[in-house]
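# Structural overview
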Amino acid sequence: MSSEAISTNKNGYVSYLDYKGKHTGFLGWVLSTDHKRIGILYLIALMVFFAVGVTFGFLMRLELIAPGRTIMDPQTYNSIFTLHGVIMIFLFVIPGLPAVFGNFFLPIMIGAKDVAFPRLNLLSWYLYVAGGLLAILSILLPGGPADTGWTFYIPYSVRTGTNVMFTMFAAFILGFSSILTGLNFVTTIHRLRAPGMTWFKMPLFTWSLYATAWVQVLATPIIGITLLLVVIERWLGVGLFDPSLGGDPVLFQHLFWIYSHPAVYIMILPAMGIVSEIIPVFARRTIFGYKFIAFSSIAIALFGSLVWAHHMFTAGMSNTGQFIFSLLTMIVAIPSAIKVFNWTATLYKGSIELAPPMLYVLAFIFLFSIGGLTGIMQGVLSIDIQVHDTSFIVAHFHYVMFGGTGFGIFAALHYWLPKMFARMYNQKVAKVAFWLVFVGFNVLYFPMFVMGWLGMPRRYYDYLPEFQPYHLTSTVGSWILVLGLIIMFTNLIVSMRKGQTITKWNIWGGETLEWKVETPPTLENFDDIPVVTERPYEYRENDLAELEKEAK
Amino acid sequence: MSTQEHAAAHVHRDDIGAKMGMWLFLFTELLLFGGMFFLYSVYRFVNQDAFHLAAKELNTIIGMFNTAILLTSSLTMAISIAAIQKNNRNLSIFFQLLTIVLALGFMVNKYFEWSAKIHHGIFPGGEELLAKSQGEILFFGLYYVMTGLHGLHVIIGVVLIGFMTRLTKNGVIRQDSYVKLEAAGLYWHLVDIIWIFLFPLFYLIT
């Protein structure tokens, strides 16, 4: 046993899991301002919402297995796809990586003891939970859950009798939570980097969180005011978006997408950061083009904020406008492609170990590339007019958001969970689950590309019989996917409680700072703030012999 | 070592970081209002004549009076920070309270202004307003929403400064540690600045 592999209790350190402060037990968690505990609070809440979102998606697919009514009526179907969207977007993929893994690992990765505003951090979690509960409350209240789709398009969202106000107000609160997390991270990265941790020695996950945090801070207020205006509209009938009173519904769409398109980058950037962390570790190579990956995150955040109107090519826009937004949309593909090329260049001649986190990362690259390339297709005006509001779009954004962010979250879970809980999951089961999820995913979403191309509209409750083979395949895919997810999460949850105990600090051989603290980390992460002298991914100079020694 | 009770976490203090966080938050506030300024500019562009007509109905005198009140309150807020820097706690508290009084004065004026309009049937959904042209309906819609949200910010500011007064009294805010008061001051200046933009847009450009 090397000197690093001493269990946390032996040399007197107390892990953040065992720490007992002013409050103990349940209160010790929900009143804790420790960024690691808050990260885990987020993780628990997030997984609950994810399960609910998956269930809704599953039911929706089941309804679509055959034309006509199968298991629910049209109104229920409308509510279910709305809730599926709201939960998955606002409660799972947007907060997912920054709130859970950003909270847990950002301070450790930059050598800080906590985030800049720990109490604000806890407040963000409370706002997140409050928003989530409000969204769920809207299901139970008379009037029924919102049935507008997650985009809340005007004028339907003002006229429907369902509880749209609750759902929108929930989204508003969630936006607040997102802003607070973002400004906390920006301040943390600026103020709390350890001595020697210059900008270009920061791990790439930190870079991606930095870009994300700026988008969160700068874009979210716009959706805040937009949702608030619709709430006021429903409440008082001011008429700002109501054509009969002179308002313009298309302005709602502009305001909505000024946030909601950049939000796509809030979702994907941290996942790209995770990929940049995991690839060098499991290929045992220095990351190719560190600065390009770092700057491409900033470029994606920048250009991604300028392309919102490509959601509205068919909503009435000048030709000049269409041309500009089409061009800008193409430009976003450049920094995204830079990343993909750098990842593949890192893999080239690497000594690749196909551990579960790496499998998810490779799937990420595959699925994200499909999602990204079909995105470019939609940037082309003529194609967009053909595929607009068809299931082609549904397939595209599921490939990006689920295949991208979702798989990024799964990769992060498999990569960091042993560090967080000091317990290892069953790797064989993890691999089986991976293959089920991967195959199920493609069987589920790929047919949507085809039927969308052939003209199957999205959001529809019923369809022509000629689309049935695709819907049937897709529904079967959802069964495989859900089976895989159940196996994956059972494996992970069981491992948190009963998995094999780990005391080794560095199970994967990573070079970033979180692998240089105890497993699980102590309350303050570092007793003495480290002085950083090395760059994060210098595997070539890394002494492999030392790693082998540690493995014994 | 016992795991029953562990030492408290380290005390973290970073005044520059705290101010940075506050500035970032203020950016988000600007963008929040920015969404409405965007709507205002589009609707004004489309309905120039109607906006011109509608603006004439607002009382410029009350608006001017309120502008003066809010500008003065920004001054008193700044003086309260200067006072605590010179370790004069009572003077600081006095000026904080004066700021609150001015803010409440602003709200009282606003109340009279709004209730006069509402009394005349000019409010969202009101018959008098619905009889007007679409541009005028939009103007008053924006007027109520934007000054309403601004008013809400004034009220939040009153509560915030009230807390600061308490903290100054308790000695939490003192000569060597007044970043909280500064942050509250920054917030108050923002509320002032937003009004500086609202005033000409609604009252002066006719």
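Quick note: structure is the one above.
Below is a summary of the structure that appears in this document.

About the cut-offs
- Every chain's residues receive numbers from 1 upward, in the order its sequence appears when written.
- Numbering of ligands from 1 and lettering of chains from A proceed in the order in which they are written.
- With the structure being a predicted model, the display of local features is reserved for residues of pLDDT at least 70 and the display and counting of side-chain atom pairs for 80 or more, all residues being used for whole-chain, interface and lining totals.
- To obtain the side-chain values, all non-hydrogen atoms of the structure were included, while hydrogens and water were left out.
- What counts as a helix is a DSSP run of H or I of at least four residues, what counts as a strand is a run of E of at least two, and both are numbered from the N terminus.
- In this treatment the radius of gyration is a C-alpha quantity, and the globule benchmark scales as 2.2 Å times the residue count to the 0.38 power.
- The rule is simple: take the accessible area with a 1.4 Å probe, protein chains only, and divide by the maximum for that residue type; under 20% is buried, over 50% is exposed, in between is partly exposed.
- In this analysis, two residues are considered to be in contact whenever any of their non-hydrogen atoms come within 4.5 Å of each other.
- For every accessible area listed, the method is Shrake-Rupley and the probe measures 1.4 Å; residues are considered covered only by the protein chains on display.
- In this charge count, Lys and Arg are treated as positive and Asp and Glu as negative; neither His nor the chain ends contribute.
- Lysine's charge is taken at NZ, arginine's at CZ, aspartate's at CG and glutamate's at CD.
- Fitting a line to C-alpha atoms yields each axis, with helices limited to the stretch in contact; the angle taken between N-to-C directions then spans 0 to 180 degrees.
- Roughly parallel means an angle under 35 degrees; roughly antiparallel, over 145; roughly perpendicular, 65 to 115; everything else is oblique.
- In a left-handed crossing the near helix is turned counterclockwise from the far helix by less than a right angle, and in a right-handed crossing that turn is clockwise.
- In this classification, the charged set is Asp, Glu, Lys and Arg, the nonpolar set is Ala, Val, Leu, Ile, Met, Phe, Trp, Tyr, Cys and Pro, and all remaining amino acids, among them Gly, are polar.
- Each Phe, Tyr or Trp ring (for Trp, its six-membered ring) is paired with any other whose centre lies within 6.5 Å, and the angle between the two planes then decides the class: stacked below 30 degrees, edge-to-face above 60, tilted in between.
- Each ring is checked for a lysine NZ or an arginine CZ that lies within 6 Å of its centre and within 35 degrees of its normal; such an atom marks a charge sitting over the ring.
- Only residues whose relative accessible area exceeds 30% and that form no salt bridge are eligible for patches; like-charged ones are grouped when within 9 Å, while nonpolar side chains (Val, Leu, Ile, Met, Phe, Trp, Tyr) are grouped when within 5 Å.
- Just to be clear on terms, a salt bridge is a Lys or Arg side-chain nitrogen sitting within 4 Å of an Asp or Glu carboxyl oxygen.
- By the criterion applied in these results, polar contacts are pairs of N or O atoms within 3.5 Å in which, for protein atoms, one can donate a hydrogen and the other can accept it, and in which residues neighboring in sequence qualify only through two side-chain atoms.
- An expected span of 1.5 Å times one less than the residue number is assigned to each helix.

## What about the overall build of chain B?
Helix and strand counts for chain B stand at seven helices and zero strands. Counting from the amino terminus, helix and strand elements in chain B follow one another as α-α-α-α-α-α-α. For 206 residues, the compact-globule estimate of 2.2 N^0.38 gives 17 Å, and the C-alpha radius of gyration of chain B, at 21 Å, exceeds that figure by more than 25%. Each principal axis of the C-alpha distribution contributes one length, and for chain B these read about 75 × 40 × 25 Å. Scored against the burial criterion, the 206 residues of chain B give a buried share of 50%. Sequence-distant contacts, at least 24 apart, represent 83% of the contacts inside chain B between residues at least 6 apart. Looking at chain B as shown, the accessible area adds up to about 10,000 Å², and 68% of this sits on carbon and sulfur atoms. In chain B, which carries 13 positive and 13 negative side-chain charges, the distance between the mean positions of the two groups comes to 9 Å.

## Describing the overall build of chain A
Looking only at helices and strands, chain A features 17 helices and two strands. Here the C-alpha atoms of chain A give a radius of gyration of 23 Å, agreeing with the 24 Å that 2.2 N^0.38 yields for 552 residues. For the C-alpha atoms alone, the extent of chain A along its principal axes is close to 75 × 50 × 45 Å. Among the 552 residues that make up chain A, the fraction classed as buried is 63%. Of the contacts formed within chain A by residues at least 6 apart in sequence, a portion of 82% connects residues at least 24 apart. Here chain A has roughly 20,200 Å² of accessible surface; of this, 68% comes from carbon and sulfur atoms. Taking the average place of the 33 positive charges on the side chains of chain A and the average place of its 29 negative ones, the gap between the two points comes to 5 Å.

## Overview of the packing of helix 2 (residues 35-63) of chain A against helix 16 (residues 468-498) of chain A
All names here are of chain A. Between helix 2 and helix 16, the shortest axis-to-axis distance is 9 Å and the interhelical angle comes to 155°. Taken together, the axes of helix 2 and helix 16 lie roughly antiparallel to each other. For helix 2 against helix 16, the interelement crossing comes out left-handed. Two secondary-structure elements touch here, helix 2 through Met47, Phe50, Val54, Phe58, Arg61 and Leu62 and helix 16 through His471, Ser474, Thr475, Ser478, Trp479, Val482, Leu485 and Phe489. Its residues assigned to classes, the contact of helix 2 with helix 16 comprises nine nonpolar, four polar and one charged.

## Regarding unusual backbone geometry
For the peptide bond that leads from Ile154 of chain A to Pro155 of chain A, omega is 0°, which places it in the cis range. Mapped onto the elements of the fold, Pro155 of chain A is located in the loop between helix 5 (118-140) and helix 6 (156-159). The peptide bond linking Thr519 of chain A to Pro520 of chain A adopts the cis configuration, its omega dihedral lying at -15°. Checked against the element boundaries, Pro520 of chain A lands in the loop between strand 2 (500-501) and helix 17 (544-551). A positive phi angle is found at Lys349 of chain A, which is not glycine, with a value near 60°. A positive phi angle, close to 65°, is found at Asn87 of chain B, a residue other than glycine. Note that Asn87 of chain B resides in the loop between helix 3 (60-85) and helix 4 (89-119).

## Considerations on the packing of aromatic side chains
Residue and element names in this part refer to chain A. All chains considered together, the criterion is met by 72 aromatic pairs over all chains. An angle of 90° between the planes, with centres 5.1 Å apart, marks the rings of Phe256 and Trp257 as edge-to-face. On the basis of relative accessible area, Phe256 is assigned to the buried category, the value being 0%. Pairing Phe366 with Phe438 gives two aromatic rings, centres 5.8 Å apart and planes at 55°, and the pair type is tilted. With Phe366 in helix 12 (residues 356-379) and Phe438 in helix 15 (residues 427-454), the pair connects residues that are 72 residues apart, well separated along the chain. Across from the ring centre of Trp29, 4.4 Å away, lies the NZ or CZ of Arg37, which sits over that ring. Residue placement shows Arg193 over the ring face of Trp199; its charged tip is 4.3 Å from the ring centre.

## Focus on a nonpolar patch on the surface
All names here are of chain A. A cluster of nonpolar side chains, contributed by Phe26, Leu27, Leu31, Leu123 and Tyr126, occupies part of the molecular surface with about 490 Å² of accessible area. At the level of secondary structure, the elements contributing two or more residues to the nonpolar patch comprise helix 1 (25-30) and helix 5. Along the chain, the position of Leu27 falls in helix 1.

## Re the interface of chain B and chain A
Opposite the 37 residues of chain B that make contact, chain A presents 43 residues. Note that Arg191 of chain A and Asp14 of chain B form a salt bridge whose closest N and O atoms lie 2.8 Å from each other. At the junction of chain B and chain A, the tally comes to five residue pairs in polar contact (both at pLDDT 80 or more). Taken together, the elements giving at least two residues each to the side of chain B that touches chain A come down to helix 1 (15-46) and helix 6 (134-170) of chain B.

## Examining the side chain of Ser326 of chain A
Mapped onto the elements, Ser326 of chain A comes out in helix 11 (residues 319-347). Residue contacts for Ser326 of chain A: discarding those within four places in its chain leaves Phe313, Gly379, Val380 and Leu381 of chain A.

## Notes on helix 10 (residues 290-304) of chain A
The terminal C-alpha atoms of helix 10 of chain A, which comprises 15 residues, lie 21 Å apart, in line with the 21 Å expected from a rise of 1.5 Å per residue. In this structure, the buried side of helix 10 of chain A is in contact with helix 8 (204-236), helix 9 (249-283) and helix 11 of chain A.

## Comments concerning the environment of Trp416 of chain A
Residues and elements named next belong to chain A. Here Trp416 is to be found in helix 14 (residues 391-421). When its relative accessible area of 0% is taken as the criterion, Trp416 is described as buried. A sequence separation of 315 residues divides Trp416 from Phe101, and the C-alpha atoms of the two residues are 8.4 Å apart. One polar contact links Trp416 to Glu514, side chain to side chain, over a distance of 2.9 Å.

## Comments concerning helix 1 of chain B
Here helix 1 of chain B spans 46 Å end to end across 32 residues, near enough to the 46 Å set by a 1.5 Å rise per residue. Of the residues flanking the start of helix 1 of chain B, the one acting as N-cap is Asp14 of chain B, its side-chain oxygen 3.4 Å from the backbone nitrogen of Ile16 of chain B.

## Looking at the environment of Ser80 of chain B
Residues and elements named next belong to chain B. For Ser80, the location among the structural elements is in helix 3. Once the C-alpha coordinates of Ser80 and Asn66 are considered, the two residues, 14 residues apart in sequence, prove to be 21 Å apart. Among all residues touching Ser80, those that are not within four sequence positions of it are Ser92, Phe95, Gln96 and Leu181. For Ser80, the side chain forms a polar contact with the main-chain oxygen of Met77, separated by 2.8 Å.

## Description of the pattern of salt bridges
Working definition: two side chains of opposite charge can pair if their charged atoms are close together. A full pass over the atoms with the stated rule returns 12 salt bridges over all chains. For Lys36 of chain A, the salt bridge is made with Asp34 of chain A, and the minimal N-O distance between the two is 3.2 Å. In terms of burial, Lys36 of chain A and Asp34 of chain A fall into one category: buried. Among the salt bridges present, the one from Arg13 of chain B reaches Asp15 of chain B, with a minimum N-O distance of 2.8 Å. Its relative accessible area of 27% is what places Asp15 of chain B among the partly exposed residues. Where salt bridges share partners, they join Asp389, Arg458 and Arg459 of chain A into one cluster.

## Re the side chain of His396 of chain A
Residue and element names in this part refer to chain A. Within the secondary structure, His396 is located in helix 14. For His396, a relative accessible area of 15% puts it in the buried group. When neighbours within four sequence positions are excluded, His396 is seen to be in contact with Gly371, Thr374, Gly375, Gln378 and Phe449.

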